[in-house]
Amino acid sequence: MQDEKSTNTRTSPSQKKKKSVQYNKYGYMFIAPFFIVYLVFSLYPLLNTFYYSTFSIVTRNLRTTTEFTGLGNYISVLGLASGEKAYFLTYLGNTVRIWLFNFVPQILLSLLCAAWLTDNRTRLKLNGFYKIMVYMPNIITAASISLLFCALLSKYGPVMSTLRSWGWIGSAFDVMRSKWATSISISGILLWMWYGNTTLLLIAGMIGISPQLYEAADLDGATGRQKFFKITLPLLKPVLLYVLVTSVIGGLQLYDIPALFNTAGQGGAYMGGPNDTSTTVTMYIMRLHNTDTGRAAAVSVLLFIITLIISLLFFRVFRDNDDAKLKKAERSARKSAGKRGA
């Protein structure tokens, strides 16, 4: 009787599966909103941009004319068609110049600040206060910062007037009429805005490095410079890659600061002075959007392709050498095994 009861109380594997709770579906439910929003607001517009880039869409007198051009828009914006100038390449050069003047000192300054704020030997007081102050410029709106620095650096603004009274600059010098002064000014604004965000990311990466590595280096008699270049920088590769890729994406899409800093009297908010030398690619896209939507879409596609290529190159350069060596060893082992089998 006891055996019969025990056999009756036993549950079959199928019954156990029915009673067990499947948590996988909850995970899919949590990530579903992101994919839905991405498909509707990102992927669909991206594919639509590729489609519209093959048409000439011109609106005049409230009437829109659409004509299929194929690759004609790309040929025109690259200056390959007769009578067309390579405006895209010109504005891409402006964008890269502003980004380089911003990013190179930004990453150096951020590394210095992150190393200073995470160094246990200094035992810096008010560490949290310094981190807040470093990040503070990042929370100010770009429009406010652009207009503020435009007023400060104008010919008769307080900064230029003070420097002129000290004899550091000439009486005729004007930031707004100098190509390099405007580019450096815009880059300086971006540096001041974003170095705090980069510093906090690097701080998070440095905190994640095991202290035992530094203790072992101290026992071996390593200097601070050796520990930084042999331990900190190699282990910061993932964070540096993230910072670099996101900076490239943001830098190539730069719009707000140049569009508000030096555009007065330059022919509209989409032409950066002086003489169009601080106009970025996104400003060019906005300018084309008012005349030919198809060309604007073609420039957007070209910008997307360039951003994708640069990001892939960075991923390639920052790839872990150990993984590459392991894959190479695996391939050689397979080849030798295949020769033996033959």
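Above this text is the structure in question.
A. Structural context of the overall build of the chain. A tally of regular secondary structure across the chain gives 16 helices and two strands. For the chain, long-range pairs separated by at least 24 residues make up 63% of all intrachain contacts whose partners lie at least 6 apart in sequence.

B. View of the pairing of strand β2 (residues 63-68). Of all six residues in β2, zero are buried, a share of ten percent or less. As paired strands, strand β1 (residues 55-60) and β2 are joined by six bridges and run antiparallel to one another. Within the sheet, the bridge partner assigned to F55 lies in β2 and is F68. Hairpin connection between β1 and β2: a loop of two residues separates the two successive antiparallel strands, and N61 in this loop has a positive phi of roughly 55°.

C. Molecular detail of the side chain of T54. Its location among the elements puts T54 in the loop between α3 (24-52) and β1. Overall, T54 belongs to the buried group, its relative accessible area being 19%. Setting aside residues up to four positions removed in sequence, T54 forms contacts with E67, F68, T69, G70 and N73.

D. The arrangement of the packing of helix α12 (residues 237-252) against helix α15 (residues 293-317) in detail. Direction vectors running N to C along α12 and α15 enclose 165°, while the axes themselves pass 10 Å from each other. With respect to their mutual orientation, α12 and α15 come out roughly antiparallel. The handedness of the crossing between α12 and α15 comes out as right-handed. Within the contact between the two elements, α12 uses L241, L244, V245, V248, I249 and L252 and α15 uses L303, I306, T307, I310, S311, F314 and F315. Split into classes, the residues belonging to the contact of α12 with α15 amount to eleven nonpolar, two polar and no charged.

E. Region of the structure containing the nonpolar core. Membership of the largest hydrophobic core comes to 33 residues, with the highest contact counts inside it found for F88, I107, V281, Y284 and V299. Elements with a minimum of two residues in this core: α4 (72-77), α5 (87-118), α9 (179-207), α12, α14 (281-289) and α15. Sorting elements by how many residues they give to this core places α5 first, with nine residues. Not counting residues up to four positions away in its chain, the partners in contact with V299 are V77, F88, V281, Y284, I285 and L288. Core analysis: the second largest hydrophobic core is formed by 17 residues, I98, V175, L254 and F261 among them.

F. Region of interest: the environment of T182. In this fold, T182 is placed in helix α9. Residue T182 is classed as buried on the basis of its relative accessible area, which comes to 0%. Taking C-alpha positions, T182 is 8.8 Å from T277, a pair spaced 95 residues apart along the chain. Apart from the residues lying within four places of it in its own chain, the contact partners of T182 are V175, M176, F261, N262, G273, P274 and S278. Among the polar contacts made by the side chain of T182, one reaches the side chain of N262 at a distance of 3.3 Å.

Quick notes on the rules
- Residues numbered from 1 in each chain as written.
- Predicted model: local features only at pLDDT ≥ 70, side-chain atom pairs only at ≥ 80, totals over all residues.
- Heavy atoms only, no water.
- Helix = DSSP H or I, 4+ residues; strand = E, 2+ residues; numbered from the N terminus.
- Contact = heavy atoms within 4.5 Å.
- Buried < 20%, exposed > 50% of the residue type's maximum accessible area, 1.4 Å probe, protein only.
- Pairing = 2+ DSSP bridges.
- Axes fitted to C-alpha atoms, helices over the stretch in contact; angles between N-to-C directions.
- Parallel < 35°, antiparallel > 145°, perpendicular 65-115°, else oblique.
- Left-handed = near helix turned anticlockwise from the far one by under 90°.
- Nonpolar A, V, L, I, M, F, W, Y, C, P; charged D, E, K, R; others polar.
- Core = buried A, V, L, I, M, F, W, Y, C linked by side-chain atoms within 4.5 Å.
- Polar contact = N/O pair within 3.5 Å; in protein donor to acceptor, adjacent residues only side chain to side chain.

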